[in-house]
Amino acid sequence: MHRAWFVAAVTFVTIIGAAAFRSLPGLLIDPLHQEFGWSRGTISAAVSINLALYGLTAPFAAALMDRFGIRRVVAVALSVIALGSGLTVWMTAAWQLLLCWGLLVGLGSGSMALAFAATVTNRWFTERRGLVSGILTAASASGQLIFLPLLSWLVEAHRWRPAAVTVALAALAVVPFVWLLLRDHPADVGLAPYGAREFVPKPAPVTGAARRTLTVLASAVRTGPFWLLAGTFAICGASTNGLIQTHFVPAAHDHGMPVRAAASLLAVVGVFDVVGTIASGWLTDRFEPRRLLAVYYALRGISLLFLPMLLGPAVHPPMVFFIVFYGLDWVATVPPTLALCREQYGEDSAIVFGWVLASHQVGAALVAFLGGIARDVFGSYDMVWYASGTLCAAAALMALVIRRSPTAPALAAVS
């Protein structure tokens with residue numbers, strides 16, 4: 001077996017270990033509201049900062065990995081996540097939540113966001129990139145699957161502080177794996193990338209990471225595909241991390257569903273997200289990514305329009321169908337979006353994807369904040385579900401009009 005698959009496996013485990021922090025925000029809204037009296041809008045603001053920094057840090061992290069190496073950047077990022085999550089145990093004021101969970105965890109998580117997966121895929125693979133990007137994207141969902149039931153039980157049985165400590169310990173536990181087992185480039189072990197016909201020397205460290213990141217952005221914003229990719233991915237973030245991951249548990253609880261039952265449903269989303277994302281990577285290697293994106297967004301929008309009618313105190317078959325359906329579509333958008341970035345921007349694609357991911361998280365942050373405000377003002381989340389479904393329909397249309405690169409390889413199946 002090629003060493004690239006071993007590196008991909010280590011990356012998968014690393015992302016799983018760091019995914020604990022992605023499972024916690026939706027479980028904290030009601031406990032923090034009850035203990036400190038903070039409004040849901042205030043708590044959602046911390047989640048919003050976290051999500052925005054998760055995206056805005058990603059393109060700089062991709063450049064930092066080119067400068068200092070993957071291992072160093074990811075190890076530091078995991079340590080920052082552990083620090084931010086651990087410090088929340090002693091907080092007594094809302095600004096401390098904004099600082100610890102918003103700033104520190106946001107910066108740490110952004111430094112090993114999907115740009116981490118994109119960098120590993122681009123360096124270690126020339127074939128099966130769609131499949132590998134799907135597997136690594138699914139790692140976050142796998143982490144959600146592992147940690148959500150545990151964290152929801154901790155929050156209900158022992159309040160929220162043990163859950164925050166668990167997140168910190170999970171991030172720290174992965175650091176030795178990263179430092180000892182991960183390698184920055186195939187040339188470090190004398191190999192060519194998987195599928196390459198010749199050896200690829202390791203490039204020299206790239207100085208001026210911030211300048212390069214901004215230069216790539218300045219070049220990308222002058223192209224139409226960048227804005228379409230950023231716009232569709234912003235809607236993707238708004239309808240997943242910003243909406244379902246942050247507000248599904250409190251919304252279900254509003255309808256009488258126990259918190260643990262709602263968290264378990266989100267964990268089931270994680271199960272089917274793994275299946276859907278890996279399948280999407282396999283499909284991306286064979287079919288036109290623009291059409292895949294259009295189908296994914298259209299189906300997601302339709303499902304969100306039906307969600308307000310499905311919420312209730314008990315888990316019934318239509319709700320299970322929604323969870324399975326939504327899970328399959330959760331981040332199935334990532335492999336075709338990555339493929340379009342590679343097609344359009346070549347060697348700079350990891351950094352461009354980092355900026356596209358930034359738009360994903362800005363969309364998520366906006367809806368995470370507005371969702372909390374809407375709940376405070378209207379007393380329910382119905383308006384947010386309907387608005388997000390409409391946005392997904394717009395994303396489907398945007399995906400169809402992304403122009404094809406003249407150098408893109410032909411896909412015989414549907415191109």
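Residues numbered from 1 in each chain as written. Predicted model: local features only at pLDDT ≥ 70, side-chain atom pairs only at ≥ 80, totals over all residues. Heavy atoms only, no water.

J.: Can you walk me through the overall build of the protein chain in this structure?
T.: In terms of regular secondary structure, the protein chain is built from 19 helices and 0 strands. Radius of gyration (C-alpha) of the protein chain: 20 Å, near the 22 Å computed for a compact globule of 415 residues. C-alpha extents for the protein chain along the principal axes are approximately 60 × 45 × 40 Å. Buried residues in the protein chain amount to 58% of all 415 residues. Sequence-distant contacts in the protein chain: of pairs separated by 6 or more residues, those separated by 24 or more amount to 83%. When the accessible surface of the protein chain is summed, it comes to about 15800 Å², and 70% of that surface belongs to carbon and sulfur atoms. Taking the average location of the 26 positive side-chain charges in the protein chain and that of its 18 negative ones, the two points are 6 Å from each other. (Helix = DSSP H or I, 4+ residues; strand = E, 2+ residues; numbered from the N terminus. Rg over C-alpha atoms; globule rule 2.2 N^0.38 Å. Buried < 20%, exposed > 50% of the residue type's maximum accessible area, 1.4 Å probe, protein only. Contact = heavy atoms within 4.5 Å. Areas by Shrake-Rupley, 256 points an atom, 1.4 Å probe, with all protein chains shown as cover. Lys, Arg positive; Asp, Glu negative; His and termini not counted. Charge placed at Lys NZ, Arg CZ, Asp CG, Glu CD.)

J.: Just to check I follow, could you spell out the domain arrangement of the protein chain for this structure?
T.: Size of an interface: often given as the accessible area lost when the parts come together. Along its sequence, the protein chain is organised into domain 1 (3–189) and domain 2 (209–401). Taking only C-alpha atoms, the centre of domain 1 and the centre of domain 2 are 18 Å apart. Taken residue by residue, the interface counts 50 residues in domain 1 and 52 residues in domain 2. Counting each side, the surface lost to burial between domain 1 and domain 2 is near 4200 Å², with a carbon and sulfur contribution of 68%. The interface formed by domain 1 and domain 2 contains 1 salt bridge. Between Arg260 and Glu156 there is a salt bridge; the shortest N-O distance is 3.0 Å. At the level of elements, helix H2 (20–23), helix H3 (25–36), helix H4 (40–56), helix H5 (58–68), helix H8 (114–124) and helix H9 (129–158) are the ones that each hand at least two residues to the side of domain 1 that touches domain 2. Among the elements that line the side of domain 1 that touches domain 2, the one with the most residues is H9, at 17 residues. Looking at the side of domain 1 that touches domain 2 residue by residue, the classes come out as 26 nonpolar, 17 polar and 7 charged. (Domains from an automatic or database assignment. Buried area = accessible area lost by both parts, 1.4 Å probe. Salt bridge = Lys/Arg side-chain N within 4 Å of Asp/Glu carboxyl O. Nonpolar A, V, L, I, M, F, W, Y, C, P; charged D, E, K, R; others polar.)

J.: Help me understand the environment of Phe287, please; the structure alone is not making it clear to me.
T.: Topologically, Phe287 is positioned in the loop between helix H14 (259–284) and helix H15 (289–310). For Phe287, a relative accessible area of 28% translates into the label partly exposed. Linking Phe287 and Pro336, residues 49 residues apart in sequence, is a C-alpha distance of 9.3 Å.

J.: What's the story with helix H12 (residues 224–239) in this structure? I'm lost.
T.: Since the α-helix packs 3.6 residues into each turn, any two residues three or four apart lie on the same face. Between its first and last C-alpha, H12 extends 23 Å over 16 residues, near the 22 Å set by a 1.5 Å rise per residue. Among all positions in H12, only Pro225, Phe226, Leu229, Ala230, Gly231, Thr232, Phe233, Ile235, Cys236, Gly237, Ala238 and Ser239 are buried. (Expected span 1.5 Å × (residues − 1).)

J.: Before we go on, may I ask you to explain the nonpolar core in this structure?
T.: Generally speaking, a soluble globular protein has its nonpolar side chains buried in company with each other. The biggest cluster of nonpolar side chains holds 119 residues, and the ones touching the most others in it are Leu27, Phe116, Phe226, Ile244, Phe248, Met319 and Trp385. It is helix H18 (residues 349–378) that provides the largest number of residues to this core, a total of 10 residues. For this core, the two domains that each supply at least three residues are domain 1 (3–189) and domain 2 (209–401). Formed by 6 residues, the second largest nonpolar core is a distinct cluster that contains Leu51, Ala52, Ala364 and Ala365. (Core = buried A, V, L, I, M, F, W, Y, C linked by side-chain atoms within 4.5 Å.)

J.: Mind showing me how you'd approach the packing of helix H13 (residues 241–254) against helix H19 (residues 382–400) here?
T.: Describing two packed helices takes the angle between their axes plus the distance from one axis to the other. The contact between H13 and H19 brings their axes to 12 Å, and the two run at 150°. As summarised for this structure, H13 and H19 are arranged roughly antiparallel, according to the angle between their axes. Crossing of H13 over H19 shows left-handed handedness. Along its contact with H13, which presents Leu243, Ile244, Phe248 and Ala251, the element H19 presents Val384, Trp385 and Ser388. For the contact of H13 with H19, the per-class residue count stands at 6 nonpolar, 1 polar and no charged. (Axes fitted to C-alpha atoms, helices over the stretch in contact; angles between N-to-C directions. Parallel < 35°, antiparallel > 145°, perpendicular 65-115°, else oblique. Left-handed = near helix turned anticlockwise from the far one by under 90°.)

J.: When you look at the layout of surface pockets in this model, what are you seeing that I'm missing?
T.: Sizing a probe to match a water molecule and rolling it over the atoms shows the empty space that remains. Computed from the structure, the largest pocket encloses a volume of approximately 820 Å³. As for the largest pocket, its lining consists of 32 residues, and the residues nearest its centre are Asp66, Asn122, Arg123, His185 and Pro203. Where the lining of the largest pocket is concerned, the elements lending two or more residues are H5, helix H6 (70–87), H8 and H18. The element that contributes the greatest number of residues to the lining of the largest pocket is H5, accounting for 5 residues. When residues of the lining of the largest pocket are assigned to domains, at least three map to each of domain 1 (3–189) and domain 2 (209–401). (1 Å grid on protein atoms, 1.4 Å probe; cavity = no way out; pocket = protein on both sides within 12 Å on 5 of 7 lines; lining within 4 Å. Points joined across faces, edges and corners; volume = space filled by probe spheres on them.)

J.: In this structure, what is going on with the packing of H14 against helix H16 (residues 317–329)? I would like to understand it.
T.: Remark: H14 packs on H16, axes separated minimally by 6 Å, with the N-to-C direction vectors making an angle of 40°. Considering the angle they form, H14 stands oblique to H16. When you trace H14 past H16, the crossing you get is right-handed. On the side of H14, the interface is formed by Leu265, Val268, Val269, Phe272, Asp273, Val275 and Gly276, while H16 contributes Met319, Ile323, Val324, Gly327 and Leu328.

J.: How do you make sense of the packing of aromatic side chains when you look at a structure like this?
T.: Two aromatic rings, taken as a pair, are described by how far apart their centres are and by the angle between their planes. Under the defined criterion, the tally for this structure stands at 10 aromatic pairs. Through successive ring pairs, a cluster of aromatic residues spans Trp5, Phe125 and Tyr194. Residue placement shows Arg71 over the ring face of Trp179; its charged tip is 4.9 Å from the ring centre. (Phe/Tyr/Trp six-rings, centres within 6.5 Å; stacked < 30°, edge-to-face > 60°. Lys NZ or Arg CZ within 6 Å of the ring centre and 35° of its normal.)

J.: Looking at this structure, I do not really get a nonpolar patch on the surface. What am I missing?
T.: A grouping of Val295, Leu299, Ile302, Leu305, Phe306, Met309 and Tyr386 is seen on the molecular surface, where their side chains present a nonpolar patch of about 660 Å² in accessible area. It is H15 that provides the largest number of residues to the nonpolar patch, a total of 6 residues. Residue placement: Tyr386 occurs in helix H19. Classification of Tyr386 by relative accessible area gives partly exposed; the value is 37%. (Patch = residues over 30% accessible without salt bridge, like charges linked within 9 Å, V, L, I, M, F, W, Y side chains within 5 Å.)

J.: What's the story with the environment of Trp5 in this structure? I'm lost.
T.: If you trace the backbone, Trp5 turns up in helix H1 (residues 3–18). Residues Trp5 and Val271, 266 residues apart in the sequence, show an inter-C-alpha distance of 22 Å. The contacts of Trp5, once residues within four sequence positions are left out, are Phe125, Arg128, Val132 and Tyr194.

J.: Teacher, can you tell me more about H16 here?
T.: Taking 1.5 Å per residue as the helical rise, H16 with its 13 residues ought to reach 18 Å, and the 19 Å between its terminal C-alpha atoms agrees with that figure. Burial in H16 covers these residues: Met319, Phe322, Ile323, Tyr326, Gly327 and Asp329. Seen from one end, H16 has its buried residues packed into an arc of 165°, which puts them on one side. Exposed and oriented more than 90 degrees from the buried face of H16 are Pro317 and Phe321. Its buried side turned inward, H16 meets H12, H13, H14 and H15. (Arc of directions from axis to C-beta.)

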